[in-house]
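Residue strings, one per chain:
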Amino acid sequence: MTIMRLAIAGAGGRMGRTLTRIIHESEHCEVAGGIEPKGSPLIGQDMGLLAGVGDIDIVITDDPLQLALNIDGIIDFTIPAATVALSEISAQARIVHIIGTTGFSKQDDAAISTAARHARIVKSGNMSLGVNLLSSLVKKVATSLDEDFDIEVLEMHHRHKVDAPSGTALLLGEAAAKGRQIDLDKRAVKSRVGHTGARISGDIGFATLRGGSVVGEHSVVFAGPDEQIVLTHKAQSRDIFANGAVKAALWAQDQKPGLYSMMDVLGID
């Protein structure tokens, strides 16, 4: 099996350093580069030293276009603007682009879809096996229960997370909406302040908590007359997201250009 050469966007961040370690330890891929914005003090630093695995003689750059000429794929947990730009570069280079970034606008999503005409893109609000299995379960439960059961999505993350609700919360909300055959954009309730009145039957509510160093906790509550069903996933390490992203990259290498999800990667219906 050919070793896949992977670059990491946001290589100096918490997720980027985790990815460096996971890829460095993999038998099927290798760290081929890291990307940080222009002006970052991390430019030129060895990625292995930053990740705590020792000197690997691969340094961080601020030139993703040049880097893309010599790699097979990019794994990207950054910010929407950076991800959209990288999707365009991935399309030009005809490489794999794994997107774990969240918080996209509809315009961002459209740009990424355009890039997928030439790049092999896997985009997901969460890369872990457990969350994607949970999403499948949420859809099935939502399909089985009528609107007598209200649906609420609760999530908590560390204090540094900048978008809310989380991409995973939205992924789970979308799964519930598909199960109910409704449009999440029209039925999502993402904030409740003041005298809101009674809950509207059929809406999908979101609650967001931020604090400490929580990696990620998500629950979907189906609250019905006299009973509740609660489906929960708790991430205990960023390794689960890194391992999922690497699995997605290796899978995408053999696919045709297109926009895929982790459901495609994992073969979950």
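Structure first, text after, so check above.
About the criteria used
What you see as residue numbers is a count from 1 along each chain, following the sequence as written. Only residues with pLDDT of at least 70 get local features here, since the model is predicted, and only at 80 or more are side-chain atom pairs given and counted; chain-wide, interface and lining totals rely on the full set of residues. The basis for every side-chain value is the complete set of non-hydrogen atoms in the structure, without hydrogens or water. Counting from the N terminus, the helices are DSSP H or I runs at least four residues long and the strands are E runs at least two residues long. Our radius of gyration is a C-alpha quantity, and the globule rule it is checked against amounts to 2.2 Å times the number of residues to the power 0.38. The buried label goes to any residue with under 20% of its type's maximum accessible area, the exposed label to any with over 50%, and the partly exposed label to all in between, with areas taken from a 1.4 Å probe on protein chains only. Only heavy atoms matter for contacts: two residues are in contact if any of them lie within 4.5 Å across the pair. Positive charges come from Lys and Arg, negative ones from Asp and Glu, while His and the chain ends are left out of the count. Here the site of a charge means atom NZ of a Lys, CZ of an Arg, CG of an Asp or CD of a Glu. For salt bridges, the criterion is a side-chain nitrogen of Lys or Arg within 4 Å of an Asp or Glu carboxyl oxygen. Paired rings are identified among Phe, Tyr and Trp, the last through its six-membered ring, by centres lying within 6.5 Å, and are further divided according to the angle between planes into stacked (under 30 degrees), edge-to-face (over 60) and tilted (the rest). Any two strands with at least two DSSP bridges between them are considered paired. Axis definition: a line fitted to C-alpha atoms, limited for helices to the stretch in contact. Angles are taken between N-to-C directions and run from 0 to 180 degrees. Handedness is read with the strands pointing away from the viewer; a crossover is right-handed when the path from the first strand over the helix to the second is clockwise. By the criterion applied in these results, polar contacts are pairs of N or O atoms within 3.5 Å in which, for protein atoms, one can donate a hydrogen and the other can accept it, and in which residues neighboring in sequence qualify only through two side-chain atoms.

A.B. asks: Give me the overall build of the protein: which residues, what numbers.
C.D. replies: Within the protein, the regular secondary structure consists of ten helices and twelve strands. In terms of overall size, the protein behaves like a compact globule, its C-alpha atoms giving a radius of gyration of 19 Å where 269 residues would be expected to give roughly 18 Å. On the principal axes, the C-alpha backbone points of the protein span a range of 60 × 40 × 30 Å. Going through the 269 residues of the protein one by one, you find that 48% of them count as buried. Across the protein, the fraction of contacts at a sequence separation of at least 24, relative to all contacts at a separation of at least 6, is 69%. Here the protein contributes 26 positive and 32 negative side-chain charges, whose respective centroids are spaced 2 Å apart.

A.B. asks: Lay out the pattern of salt bridges in plain terms, naming residues and giving numbers.
C.D. replies: This structure, assessed with the given rule, holds eleven salt bridges. Here R21 and D239 are joined by a salt bridge, their closest N and O atoms 2.5 Å apart. Taken together, the residues span a long stretch of sequence, with R21 in helix 1 (residues 14–25) and D239 in helix 9 (residues 239–252) at a distance of 218 residues. Since its relative accessible area comes to 24%, R21 is described here as partly exposed. By relative accessible area, D239 is classed as partly exposed at 22%. With a closest N to O distance of 2.8 Å, R192 and E152 form a salt bridge. Of this pair, R192 sits in the loop between strand 8 (188–189) and strand 9 (204–210) while E152 sits in strand 7 (residues 150–157), and the two are 40 residues apart along the sequence. Residue R192 is classed as partly exposed on the basis of its relative accessible area, which comes to 43%. Several salt bridges share partner residues, and in doing so they unite D150, E152, R192 and R199 into one network.

A.B. asks: Could you give an account of the packing of aromatic side chains, with specific residues and numbers?
C.D. replies: Scanning the model with the defined rule gives one aromatic pair in all. Residues W251 and Y260 carry aromatic rings whose centres are separated by 5.1 Å and whose planes lie at 85° to one another, so their mutual orientation is edge-to-face. In this structure W251 comes out as partly exposed when scored by relative accessible area, which is 22%. For Y260, a relative accessible area of 19% gives the class buried.

A.B. asks: With reference to specific residues and values, describe the sheet that holds strand 6 (residues 120–123).
C.D. replies: Pairing in this open sheet of seven strands is parallel, and the strands run 3-2-1-4-5-6-12 from one edge to the other. Strand pairing shows two members of the sheet lacking a second neighbour, strand 3 (60–61) and strand 12 (258–260), which therefore form its edges. Bridge count for strand 4 (residues 73–76) against strand 5 (residues 96–99) is four bridges, and the pairing is parallel. Within the sheet, the bridge partner assigned to G73 lies in strand 5 and is V96. Contacts from helix 4 (residues 80–93) reach strand 1 (4–9), strand 2 (29–35), strand 4, strand 5 and strand 6 within the one sheet, and its direction differs from that of strand 5 by about 160°.

A.B. asks: Tell me about the pairing of strand 2, and please be specific about residues and values.
C.D. replies: Among the seven residues in strand 2, six count as buried, and that is most of the element. Pairing of strand 1 with strand 2 involves six bridges; the strand directions are parallel. Following the sheet pairing, L6 is matched in strand 2 by V31. Once you follow strand 1 into helix 1 and on to strand 2, the crossover reads as right-handed. Bridge analysis of strand 2 against strand 3 gives two bridges, and the strand direction is parallel. Paired with I35 across the strands is T61, a residue of strand 3.

A.B. asks: Tell me what's going on with the side chain of S166, and back it up with residues and numbers.
C.D. replies: With respect to the helices and strands, the residue S166 is situated in the loop between strand 7 and helix 7 (167–180). A polar atom in the side chain of S166 sits 3.0 Å from the side chain of H218. Every residue in contact with S166, bar those within four places of it in the chain, is listed here: E155, H157, K161, R210 and H218.

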